[in-house]
Amino acid sequence: MMTIENVSKHYGDQVVVQNVTLPVEKVKMTACIGPNGAGKSTLLEMISSLIPHDTGEIYIDGGEVKSWKNGDLAKRLAVLRQTNHMNVRLTVRELVSFGRFPYTKGRLNANCLKMIDESLTYLGLKELEERYIDTLSGGQLQRVMIAMVLCQDTDYILLDEPLNNLDMSFGVQMMKTLRQLTDDLGKTVITIVHDINFAAAYADNIIAMKNGQLFAAGTTEEIITEPVLSELYEMDIDIIEKNGTKYCLYYKN
Amino acid sequence: MIHMTHSARKGKVFNPLFLALLVVVIAVLSLFIGVQELHLGDLFSLTDSQRMILWHSRIPRTISLIMAGSTLSVCGLLMQHLTQNKFVSPTTAGTMASARLGIIVAIIFFSQSALIHKTVIAFLFATLGTIAFTLFLRTVKLKNSIMVPLVGMMFGNIVSSISTFAAVQYEVVQNVSSWMQGNFSLIHSGNVSLLLLTLPLLALIALFGHYFSIMGLGKETSEKLGIPYGVMELLGISLVALGTTLVILTAGSIPFVGIIIPNLISIKLGDHFGNTLFPTAFAGAIFLLVMDILARTIVFPYEIPISVVTGAVGSVLFIYLLLKGGKG
C-alpha cells in the first residue's frame with residue numbers, strides 16, 4: 001500500500017508542493033500530468049525519499065518513507081529519473097546487475113543472475129548485453145534503465161518523464177512496456193508524462209497537478225475531459241474519441 | 001564493429017593472472033639489477049655480502065615498488081569513481097601536496113618526529129586536503145572535465161607553496177626535500193614495513209568494490225540503490241589519503257601513476273570496479289618496476305630519482321589521455 005497524506009515541500013518562502021493527499025491504487029498504472037512547475041517531479045522525489053518532505057506523511061507498505069532504511073526502501077520502490085548521456089564504460093549487463101544491489105550488496109547469487117537474465121530478455125536486450133552503454137542510442141539506453149529498475153524487483157516503480165528524448169515509435173514502445181509491467185508483472189507504476197495523449201491512451205488513473213497542489217485525481221475516463229484539461233492547462237483543448245480511446249487536440253486552437 | 005563478445009573484448013593481455021605473472025617476472029629481473037654484482041646464477045651460491053644486499057636492499061626495494069605502484073594506481077581508480085571524473089587522482093586532487101604539508105608540520109612541531117607522528121599527521125592533512133577539493137568540485141560545477149585536474153594541480157601547487165614557505169621559515173628544507181622526490185634507493189629492510197600496511201588497505205578497497213562500482217554512477221543512483229553515499233565517500237577518501245601517505249613516507253611523491261594506469265586499464269576493461277581493480281593494481285606495479293629499472297640503468301652506475309622518470313613518461317601519457325578524453 002502507498003498512501004500520501006498532506007505532503008508539502010517548500011524552499012525558503014517558495015512553496016513547491018502544498019498539502020497533497022493522493023490515492024494510489026495498487027497494481028495500476030497512474031500517470032501524473034500538469035503544466036511545467038506544478039511540483040510533479042518534487043512530489044516524485046519525496047515519495048522515493050530522494051528529498052525529505054517538510055510536512056505530512058508518505059507510507060509505503062505501512063512504513064513512513066523517512067523511517068525506511070535506504071537499503072530496505074530500495075527493495076520496495078524503484079525510481080527512474082531522466083537519464084542524459086551516461087559517461088561511464090559499463091556493459092548493459094553490468095548496469096542492469098546493479099539493480100540487485102539492495103539484496104546482495106553486489107555479490108550476485110543464482111537468483112540474481114536469473115533476475116538479470118529475465119529483465120534483459122523482457123526488454124529485448126539480450127543481444128546487447130555485452131555492449132558498452134556509452135555506445136547505445138537514447139532509446140536503447142532508456143530500455144536498459146527500465147531493465148535495471150525491473151531487476152530491482154520492487155512492487156512500486158516511479159518514473160520521471162520516461163518519454164523524454166524518445167521519438168514517437170520509442171515512446172509507444174516505452175508506454176507499452178510500462179503497461180505490461182502492470183498487467184503481466186503486477187507492478188504499481190506511477191509515471192510523470194508530459195504528452196497527455198500518451199496518458200489518455202495507456203494509464204488507468206491520472207493525477208493532475210497545478211501550482212504545487214493536487215488539481216484533480218481519478219480514472220483516465222474522469223480526468224480526460226474538456227473542462228478539467230482546459231482549466232488545468234489554461235488553454236482550449238478539444239477531445240475526440242476513436243476506437244474507445246480519447247485524444248486531446250490542442251495544437252492549433 | 002562495436003558488438004564483441006566478452007572474452008574477445010577483454011583480450012588476453014589484460015587477464016589478471018597474466019598481469020600477475022608479469023609482475024613476478026619483472027620483479028625477479030629488478031632484483032638482479034644494481035651496482036653490486038648479483039646474477040640469477042649466483043642465487044644458490046650467495047656470498048655473505050650478496051645475501052646481505054639481496055635481503056636488506058634489493059628485496060625490500062622490489063617489494064616496495066610493487067606495493068607503491070599498486071597502491072597509487074588503485075587510489076587513483078578509487079578517486080575517479082568517487083568524483084565521477086577520469087582525471088582526478090592523488091596527484092591532481094591535492095592529496096599528495098596535502099600529505100607533504102602534513103609531514104612538514106610534523107617535523108616542525110615534533111622535533112623528534114617519530115614515524116608514527118608523521119604518518120598520522122600526514123594522513124589527517126591528506127584527508128582534509130582531499131575533502132576540501134571534493135567539496136570545491138561539488139560547489140563549483142566545472143563544465144569541462146579537463147578543467148578538474150588542472151584546478152586540482154593548481155590547488156596542489158598552492159598547498160606546496162605553503163609547505164615550502166613553512167620549510168624555509170623553520171629551516172627544515174634539507175630534511176623535507178627527501179619527501180618531495182620519489183626515490184626508492186633509500187628503501188631498506190627497516191622502513192619497508194610501513195608500505196606493507198597498504199596490503200590490508202587494498203583488501204579493504206576490494207571488499208567495498210561493489211559499493212565503489214555503483215558510486216561511479218553518481219550520488220543519486222547510489223542512494224536510490226540504498227548506498228549511504230556520504231559515509232562511503234568519506235571512507236573512500238580516507239583510504240586514498242592513507243594509501244598516498246604511506247607511499248610518500250617510504251618512497252616519496254611519485255606523480256601520474258594514479259591517473260594513467262586506471263585510465264589505460266579502463267580503455268580496455270571498462271569501468272566496473274570488480275573487473276578493473278586487480279588489473280589496475282598489477283599494471284601499476286609493473287609500471288613502477290619498469291620505471292625503476294629505467295631510473296637505475298639510464299645513467300648506470302648512478303641513479304635518477306624515479307619521480308623524474310615517471311614524470312617524463314607519465315606526462316606524455318597524461319597528455320595523450322587528455323586529448324583522447326577531450327574528444328570523447
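The model shown is predicted, which means the values in this text are computed figures rather than measured ones.

Caption draft 1: Representation of the overall build of chain A. Helix and strand counts for chain A come out as ten helices and twelve strands. On C-alpha atoms alone, chain A measures out to a radius of gyration of 18 Å, which is about the 18 Å that the 2.2 N^0.38 rule sets for 253 residues. The buried share of chain A, reckoned over its 253 residues, is 55%. Counting contacts in chain A only where the partners sit at least 6 residues apart, residues at least 24 apart contribute 65% of the total. When the accessible surface of chain A is totalled, it reaches about 11,300 Å², and 48% of it is carbon and sulfur. Seen as two clouds, the 25 positive and the 33 negative side-chain charges of chain A have centres 7 Å apart.

Caption draft 2: Spatial organisation of the overall build of chain B. From N to C terminus, chain B includes 15 helices and zero strands. Taken against the 2.2 N^0.38 rule, which gives 20 Å for 328 residues, the C-alpha radius of gyration of chain B at 20 Å falls within 12% of a compact globule. Referenced to the eigenvectors of the C-alpha coordinate spread, the extents of chain B come out at roughly 65 × 55 × 35 Å. In chain B, buried positions account for 52% of the 328 residues.

Caption draft 3: Broad picture of the nonpolar core. Ile33, Leu95 and Leu229 of chain A together with Phe184 and Ile254 of chain B are the most contacted members of the largest nonpolar core, which totals 142 residues. The leading source of residues in this core is helix α14 (residues 273-297) of chain B, at twelve residues. Not counting the four nearest positions on each side in its chain, Ile33 of chain A is found in contact with Lys40, Val193, Ile196, Ala199, Ile206, Ile207, Ala208, Met209, Leu229, Leu232 and Tyr233 of chain A. Core analysis: the second largest hydrophobic core is formed by 28 residues, Val17, Met46, Ile60 and Val79 of chain A among them.

Caption draft 4: Representation of a nonpolar patch on the surface within the structure. All names here are of chain B. Residues Val24, Val28, Leu40, Leu43 and Phe44 make up a contiguous nonpolar surface patch of about 510 Å² in total accessible area. Looking at the element boundaries, Leu40 is found in the loop between α2 (16-31) and α3 (48-83). Judged by its relative accessible area of 53%, Leu40 falls in the exposed class.

Caption draft 5: A look at the pattern of salt bridges. Using the criterion set out here, one finds 24 salt bridges over all chains in the structure. One salt bridge connects Asp153 of chain A with Lys187 of chain A, and the closest N-O pair in it is separated by 3.7 Å. Here the residue Asp153 of chain A occupies a position in the loop between α6 (138-151) and β7 (156-160), and Lys187 of chain A occupies one in the loop between α7 (168-183) and β8 (188-192), the gap between them amounting to 34 residues. Judged by relative accessible area, which is 7%, Lys187 of chain A ranks as buried. The salt bridge involving Lys219 of chain B is made with Glu223 of chain B; its shortest N-O contact spans 3.6 Å.

Caption draft 6: View of the pairing of strand β6 (residues 77-80) of chain A. Residues and elements named next belong to chain A. Every second residue of β6 is oriented toward a common face, with Leu77 and Val79 on one face and Ala78 and Leu80 on the other, all of them buried. As paired elements, β6 and β7 share four bridges and run parallel to each other. Looking at the pairing, Val79 lines up with Leu158 of β7.

Caption draft 7: Expanded view of the interface of chain B and chain A. Each side of the interface is counted separately: chain B has 27 residues, and chain A has 28 residues. Summing both partners gives a buried area of about 2,400 Å² for chain B against chain A, and 60% of it is carried by carbon and sulfur. If you sort the residues of chain B by the area they bury against chain A, Leu217, Lys224 and Leu225 of chain B come out on top, with a joint share of 26%. Taken together, the connections running from chain B to chain A amount to one salt bridge. Across the chain B-chain A interface, the total number found is eight residue pairs in polar contact (both at pLDDT 80 or more). Secondary-structure elements contributing two or more residues to the side of chain B that touches chain A are α1 (6-10), α10 (209-215), α11 (219-224) and α13 (257-269) of chain B.

Caption draft 8: Structural view of the pairing of strand β10 (residues 213-219) of chain A. Residue and element names in this part refer to chain A. Of the strand pairs in this sheet, strand β9 (residues 205-210) and β10 are connected by six bridges, and their pairing is antiparallel. Paired with Asn205 across the bridge in β10 is Thr219. Where β9 folds back onto β10 in an antiparallel hairpin, the turn is made up of two residues, including Asn211, whose phi is positive at roughly 50°.

Caption draft 9: Quick peek at helix α6 (residues 147-169) of chain B. With 23 residues, α6 of chain B should reach 33 Å at 1.5 Å per residue; the first-to-last C-alpha distance of 33 Å fits that figure. Along α6 of chain B, the residues classified as buried are Val148, Pro149, Val151, Gly152, Gly156, Val159, Ser160, Ser163, Ala166 and Ala167 of chain B.

Caption draft 10: How the structure looks around the environment of Ser64 of chain B. Residues and elements named next belong to chain B. Mapped onto the secondary structure, Ser64 falls in helix α3. Sequence spacing of Ser64 and Asn191 is 127 residues, and the spatial spacing of their C-alpha atoms is 9.5 Å. Setting aside chain neighbours within four positions, we find Ser64 in contact with Phe184, Ile187, Val192 and Leu195. Reaching out from Ser64, the side chain makes a polar contact with the backbone oxygen of Arg61 at a distance of 2.8 Å.

Reading the values: the criteria
- Residues numbered from 1 in each chain as written.
- Chains lettered and ligands numbered in written order.
- Predicted model: local features only at pLDDT ≥ 70, side-chain atom pairs only at ≥ 80, totals over all residues.
- Heavy atoms only, no water.
- Helix = DSSP H or I, 4+ residues; strand = E, 2+ residues; numbered from the N terminus.
- Rg over C-alpha atoms; globule rule 2.2 N^0.38 Å.
- Buried < 20%, exposed > 50% of the residue type's maximum accessible area, 1.4 Å probe, protein only.
- Contact = heavy atoms within 4.5 Å.
- Areas by Shrake-Rupley, 256 points an atom, 1.4 Å probe, with all protein chains shown as cover.
- Lys, Arg positive; Asp, Glu negative; His and termini not counted.
- Charge placed at Lys NZ, Arg CZ, Asp CG, Glu CD.
- Core = buried A, V, L, I, M, F, W, Y, C linked by side-chain atoms within 4.5 Å.
- Patch = residues over 30% accessible without salt bridge, like charges linked within 9 Å, V, L, I, M, F, W, Y side chains within 5 Å.
- Salt bridge = Lys/Arg side-chain N within 4 Å of Asp/Glu carboxyl O.
- Pairing = 2+ DSSP bridges.
- Buried area = accessible area lost by both parts, 1.4 Å probe.
- Polar contact = N/O pair within 3.5 Å; in protein donor to acceptor, adjacent residues only side chain to side chain.
- Expected span 1.5 Å × (residues − 1).

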